[in-house]
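# Close look at the chain arrangement
These are the residues of each chain, in order.
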Amino acid sequence: GGQGRAWTSQMEYFYRRHRTDSRIGYAVKNLHTGRYHAEHQADRLFMGGSMPKPPIAAMLLEKRQGACSYEEFMHIVQVLDKSVNASWMALHARLTPEDEAAFKWRYRLPHSNVLGNQLTPRFYAEFFERCVNYRLAHGTELLLEGMRRDQYGFGRLYLPTHLSYAGGKTGNYGQWDHEALF
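Below: a short report on this structure.

Thresholds, definitions, all that
Residues numbered from 1 in each chain as written. Predicted model: local features only at pLDDT ≥ 70, side-chain atom pairs only at ≥ 80, totals over all residues. Heavy atoms only, no water. Salt bridge = Lys/Arg side-chain N within 4 Å of Asp/Glu carboxyl O. Helix = DSSP H or I, 4+ residues; strand = E, 2+ residues; numbered from the N terminus. Buried < 20%, exposed > 50% of the residue type's maximum accessible area, 1.4 Å probe, protein only. Phe/Tyr/Trp six-rings, centres within 6.5 Å; stacked < 30°, edge-to-face > 60°. Lys NZ or Arg CZ within 6 Å of the ring centre and 35° of its normal.

## Quick look at the pattern of salt bridges
Applying the stated criterion across every chain yields a total of 16 salt bridges. Residue R16 pairs with E12 through a salt bridge whose shortest N-O separation is 2.6 Å. Separated by 4 residues within a single helix, R16 and E12 lie in helix α1 (residues 9–18), roughly one turn from each other. Take E12: its relative accessible area is 26%, and that puts it in the partly exposed class. Ionic pairing is found between R94 and E72, a salt bridge with its closest N-O pair at 3.1 Å. Here R94, found in the loop between α4 (85–92) and α5 (97–106), pairs with E72, found in helix α3 (residues 70–82); they are 22 residues apart in sequence, far enough to count as distant. One continuous salt-bridge network, built from bridges that share partners, spans K29, E126, E129, R130 and R135.

## Observations regarding the packing of aromatic side chains
Tallying each qualifying case throughout the model produces 6 aromatic pairs. Between Y124 and F128, the aromatic rings sit 4.8 Å apart at their centres with planes inclined by 90°, giving edge-to-face as the arrangement. Taken together, the residues span about one helical turn, with Y124 and F128 both in helix α6 (residues 121–132) at a distance of 4 residues. On the basis of relative accessibility, which here comes to 2%, the residue Y124 falls in the buried class. Owing to a relative accessible area of 4%, F128 belongs among the buried residues under this scheme. In textbook terms, an aromatic cluster arises when at least three aromatic residues are bridged by ring pairs, as seen for F123, Y124, F127, F128 and F182. The ring of Y36 carries the charged tip of R122 above its face, separated from the ring centre by 5.0 Å.

Next comes the structure, spelled out in structure tokens:
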């Protein structure tokens, strides 16, 4: 049961029916040991929705070597804390495909197209691992704090009580209802 909630037969049915659905991808990774516990279509590109916002903030911090302008800093805060789309676009406009390639190469991140709003479950698991273990050169604490404050995460309601929820990022709602948790 998640956070004290009972695991119902309806939840079990939904889980069993959808865990290998061709429309779904996931990667469950122990961020301490690096071991993957479960995955399905972990390398398939999916529409990211708002999920690319933290990696875009991280790419700008990398490009600026942590020395962002006040305006850029406020856009990063708005993207991470409130998921403001106007701030996302402002950060996006400051980045190029070369910035993305350099970021992914430096941190050995798997295939994705962050600027094109296409992520893989494995990319997000690896991105979280770099953040949680302070393996980014710039802005790790800012990224973590922003993701800890994400007000939209529903996954915390369904995690087993023995797993702690520290943060994450939702994509959007509707047809592409998704999120990532760490």
